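Observations on the model geometry
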Amino acid sequence: MKKFGFGAMRLPLVNSDDTKSIHQELLNQMVDEFLAAGYTYFDTAYPYHEQMSEPAMKKALADRHERSEYIFADKMPTILVKSAEEYPMYFNSQLERTGVEYFDYYLMHNMGKDRYEKTQRFGGFDFAARMKEEGKIKNFGFSFHDDAKTLERILTEHPEVDFVQLQINYLDWDNKIIQSAKCYETAKRFGKPVVVMEPVKGGTLANLPKEAEELLLAYNPKATPASYALRFAAGLDNVMMVLSGMNTLEQVRENTKLMDEPEPLSEPEMNLLSEVTEIINRSMAVPCTACGYCMEVCPKNIAIPGLFGLYNNYKINGNFSNMYYNRVVFDKGKASDCIGCHQCEKNCPQHIAIPDELKHIVEFERK
C-alpha cells in the first residue's frame with residue numbers, strides 16, 4: 001500500500017457555491033487516474049459535502065471497480081449520534097451509501113474531550129469492536145482534533161485501536177492549540193500508526209504569502225509549495241498514510257508523481273520551512289506565549305491562552321474554528337464570561353490588554 005491517500009472532503013464541484021454539486025464525471029476520471037498510478041486508499045466521512053461524498057464515492061468506486069482494487073476508509077458521524085441504538089443505524093446506512101460490504105479502515109470521527117465523553121457513554125468503541133468481530137471493519141481507529149493529553153487518555157483507555165488519524169503539517173507542528181508534534185509523539189509512544197490529514201492545511205500551505213512563496217521559489221523554482229508540505233508529512237517514520245483532498249486531475253497527477261518516491265526534506269529545506277512558518281505567524285494578533293499565568297488569577301477560569309491561540313490562527317488563515325473553540329472552553333470559562341477585573345493583566349509577562357483582546361473573540365461566540 002503506497003503512502004498516499006485520496007481524501008474525499010474537497011471533491012470537484014459543478015457549482016463552486018454548492019458543496020453538494022459534485023462533478024461526478026471529473027471525480028470518476030480522478031479516481032481512475034489515482035488507481036492507475038498504483039494508489040488505492042480512499043477516505044471519506046458521512047458529513048462531507050453535506051452528506052453527498054459517500055454516494056459520490058460509491059459511483060466512482062463500488063459501481064465501477066472491483067472491491068479488491070481499492071482500500072476504503074469511512075467514519076462514524078459522532079456529532080449526530082444521540083444514543084447507542086443509532087450506531088448500527090448510521091453504520092448500515094454507510095455500507096449502503098458507499099456500496100461496500102466492509103470497511104478496510106473505520107474511524108470514530110473527530111474525537112476530542114466532548115465527543116469522546118459522549119462516545120464512551122454510548123458505547124461507541126464497543127460497537128466498533130463488534131463490527132470488527134463480524135468482519136465489517138478490518139482496522140479500527142479514530143480521527144482526532146484536540147490536545148495531546150486528551151489523546152493520551154483515549155489511547156490509555158482504548159489500547160485496542162489499530163491506528164489514529166491526526167492533523168499534521170509543518171505550520172501546526174509546534175502550534176499550541178493543534179499540537180501536531182505532541183500528538184504525533186503520543187501516538188508513536190503508544191505504538192499506533194498515524195494517518196495524516198490536512199498535510200497542506202486546507203490549501204494554506206499551497207497558497208503562501210508572497211514573501212514565503214518567493215523564498216521557496218528562490219531555493220528550487222521547480223518545487224511547488226504543496227510539495228514541501230506533503231514531503232514533511234511523508235517523512236515522519238510513524239506515518240502510514242498521508243491524505244490529500246484533491247479536486248483537479250492536475251493535482252492527482254502532481255501528487256501521485258511526487259509521492260511515488262517522496263524525498264525526505266533536507267536540513268536546508270527544513271530551515272526554509274521554519275522561515276516560512278515565521279512569515280505566516282507574523283500576522284498573529286496577540287503576542288501570547290501561553291504561559292498560563294493569567295489563568296492562575298482569573299476568577300472565571302477563562303481559557304485565555306487557548307482562546308488567543310484560536311484567534312491568532314484565525315488572523316493567519318481567516319478561519320475561526322468553532323469546533324476548537326468548544327474544546328478550548330470545555331470545563332472552562334468563555335471569552336464572554338470576562339468581568340473586566342484586569343487581574344490577568346497584572347500577571348501577564350507580555351503585558352497584554354487581555355480583557356480588550358477577549359472582546360474580539362466574543363464576536364465569534366455570537367456567530
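Going by the structure above, here's the rest.
Figured I'd write up the structure that's included with this text. Nothing here was measured: the structure is a model prediction, and the numbers come from that model. (Residues numbered from 1 in each chain as written. Predicted model: local features only at pLDDT ≥ 70, side-chain atom pairs only at ≥ 80, totals over all residues. Heavy atoms only, no water.)

Some words on the overall build of the chain
A count of helices and strands for the chain gives 17 helices and 8 strands. By principal-axis analysis of the C-alpha atoms, the chain measures approximately 65 × 55 × 40 Å. Look at the contacts in the chain between residues 6 or more apart in sequence, and 75% of them connect residues 24 or more apart. For the chain, the exposed surface amounts to about 16800 Å²; the carbon and sulfur share of it is 48%. Side-chain charges of the chain comprise 42 positive and 53 negative groups, with the mean position of each set lying 3 Å from the other. (Helix = DSSP H or I, 4+ residues; strand = E, 2+ residues; numbered from the N terminus. Contact = heavy atoms within 4.5 Å. Areas by Shrake-Rupley, 256 points an atom, 1.4 Å probe, with all protein chains shown as cover. Lys, Arg positive; Asp, Glu negative; His and termini not counted. Charge placed at Lys NZ, Arg CZ, Asp CG, Glu CD.)

Comments concerning the nonpolar core
Ranked by size, the top nonpolar core spans 83 residues in total, and within it F42 and F142 carry the most contacts. Of all the elements, helix 10 (residues 225-234) adds the most residues to this core, at 7 residues. Core analysis: the next-biggest nonpolar cluster, separate from the first, contains 27 residues, C294, Y311, F320 and V362 among them. (Core = buried A, V, L, I, M, F, W, Y, C linked by side-chain atoms within 4.5 Å. Buried < 20%, exposed > 50% of the residue type's maximum accessible area, 1.4 Å probe, protein only.)

Brief notes about the packing of aromatic side chains
One pass over the full model with this rule turns up 29 aromatic pairs. Considering the side-chain rings of F6 and F34, the 5.4 Å spacing of their centres and the 85 degrees angle between planes classify their relative orientation as edge-to-face. Of the two residues, F6 sits in strand 1 (residues 4-7) while F34 sits in helix 1 (residues 24-36), which places them 28 residues apart along the sequence. A single burial state applies to F6 and to F34, both of which are buried. Ring centres 5.4 Å apart and planes at 85 degrees place the aromatic pair Y46 and Y90 in the edge-to-face group. Here the residue Y46 occupies a position in the loop between strand 2 (41-43) and helix 2 (48-51), and Y90 occupies one in helix 4 (residues 86-98), the gap between them amounting to 44 residues. There is no split in this pair, since Y46 and Y90 are both buried. One aromatic cluster is present, built from ring pairs that chain together Y70, F72, Y87, F91, F103, Y106 and F127. (Phe/Tyr/Trp six-rings, centres within 6.5 Å; stacked < 30°, edge-to-face > 60°.)

Some details on helix 8 (residues 180-189)
When helix 8 is considered as a whole, its buried residues turn out to be S180, A181, C183, Y184, T186 and A187. Taken together, the buried residues of helix 8 touch strand 5 (137-144), helix 7 (148-157), strand 6 (163-167), strand 7 (194-197) and strand 8 (239-245). Just downstream of helix 8, G191 is the residue with a positive phi angle, here 75 degrees.

Considerations on helix 10
Across the 10 residues of helix 10, 10 count as buried, placing the element largely inside the fold. Those residues of helix 10 not exposed but buried are P225, A226, S227, Y228, A229, L230, R231, F232, A233 and A234. Check the buried side of helix 10 and you find it contacts strand 1, strand 7, helix 9 (210-219), strand 8, helix 11 (249-260) and helix 12 (267-281).

Any functional reading would require information that these geometric values do not contain.
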